[in-house]
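# What the coordinates show
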Amino acid sequence: RKEVEQDPGPFNVPEGATVAFNCTYSNSASQSFFWYRQDCRKEPKLLMSVYSSGNEDGRFTAQLNRASQYISLLIRDSKLSDSATYLCVVTPGNQFYFGTGTSLTVIP
Amino acid sequence: EAGVTQSPTHLIKTRGQQATLRCSPISGHTSVYWYQQALGLGLQFLLWYDEGEERNRGNFPPRFSGRQFPNYSSELNVNALELEDSALYLCASSSGQLNTEAFFGQGTRLTVV
């Protein structure tokens, strides 16, 4: 069983739409969770950390559900510049396990 | 402060040759991770080094190997290159502390011809 499962998409949404990504993880001992963004042919970069209480950064909201072992990312008012691949990350024992990524294309 | 640096940025090798990829972590980071990303695919975990020791390796054949030096920099070696080894190889480093993220280098794009 994979450590992290993520819907690969692709998600094609119009500008201004709200889109949500989910990720499930298998190791209940996972302690740290993140969302990364990867642009085409570039390295992944941290988008935001995910805390148990949930956290928000502008148009982006990340949530963690430990009971069901999933994390989510909500993007409101999508911009063309949000087009990228979004990777969820869990870290049981300090090893970083990446999901396969969900591709998002925001259409004008 | 310098980020994670990888060298070379591009590498072209012929089938059967060996490739050596290098990574310098952020100053103070003791953990180094290596990932392979083939075109259009996700990150596949290769190796994890921490404090000079190999902590875990992914599901790759033994011809993928590496090491971490006393200054925490790391090297990834790929022997007997095959065409399907062509990919972007990404190195990331972290401090190993709870709730701290990993930072990536820009990667080495390996092409095997």
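Use the structure listed above.
Parameters and conventions
- Residues numbered from 1 in each chain as written.
- Chains lettered and ligands numbered in written order.
- Predicted model: local features only at pLDDT ≥ 70, side-chain atom pairs only at ≥ 80, totals over all residues.
- Heavy atoms only, no water.
- Helix = DSSP H or I, 4+ residues; strand = E, 2+ residues; numbered from the N terminus.
- Pairing = 2+ DSSP bridges.
- Axes fitted to C-alpha atoms, helices over the stretch in contact; angles between N-to-C directions.
- Contact = heavy atoms within 4.5 Å.
- Buried area = accessible area lost by both parts, 1.4 Å probe.
- Salt bridge = Lys/Arg side-chain N within 4 Å of Asp/Glu carboxyl O.
- Nonpolar A, V, L, I, M, F, W, Y, C, P; charged D, E, K, R; others polar.
- Buried < 20%, exposed > 50% of the residue type's maximum accessible area, 1.4 Å probe, protein only.

### A look at the environment of A:Thr100
Structurally, A:Thr100 can be placed in the loop between β10 (97-98) and β11 (102-107). Separated by 51 residues in the primary sequence, A:Thr100 and A:Ser49 place their C-alpha atoms 18 Å from one another.

### Notes on the sheet that holds strand β7 (residues 64-68) of chain B
In a beta sheet, neighbouring strands are held together by backbone hydrogen bonds and run either parallel or antiparallel to one another. All names here are of chain B. The strand order β1-β3-β8-β7 describes an open sheet built from 4 strands, whose pairing is antiparallel. Single-partner strands in this sheet number two, and they are β1 (5-7) and β7. Strand after strand, the sheet turns through a mean of 15° between neighbouring axes, direction not considered.

### A look at the interface of chain A and chain B
Contacts between the two partners involve 17 residues from chain A and, on the opposite side, 21 residues from chain B. Carbon and sulfur atoms supply 54% of the area that chain A and chain B bury against each other, a total of about 1,800 Å² over both sides. Where chain A touches chain B, the interface holds 0 salt bridges. When residues of the side of chain A that touches chain B are traced back to their parent elements, those giving at least two are β4 (33-38) and β10 of chain A. In terms of residues, the side of chain A that touches chain B owes the most to one element, β4(A), which gives 3 residues. Grouping the amino acids of the side of chain A that touches chain B by side-chain chemistry returns 8 nonpolar, 7 polar and 2 charged.

### Examining the pattern of salt bridges
Inspection of the entire model under this criterion finds 9 salt bridges over all chains. Two residues, A:Glu56 and A:Arg76, come together in a salt bridge whose shortest N-O distance is 3.6 Å. Separated by 20 residues along the polypeptide, A:Glu56 in strand β6 (residues 55-57) and A:Arg76 in the loop between β8 (70-75) and β9 (84-90) bring together distant segments of the chain. Judged by its relative accessible area of 58%, A:Glu56 is exposed. One salt bridge connects A:Asp82 with A:Arg59, and the closest N-O pair in it is separated by 2.8 Å. Of this pair, A:Asp82 sits in the loop between β8 and β9 while A:Arg59 is found in the loop between β6 and β7 (60-65), placing the two residues 23 residues apart along the sequence. Given the relative accessible area of 22%, A:Arg59 is considered partly exposed. One continuous salt-bridge network, built from bridges that share partners, spans B:Arg22, B:Arg67 and B:Glu75.

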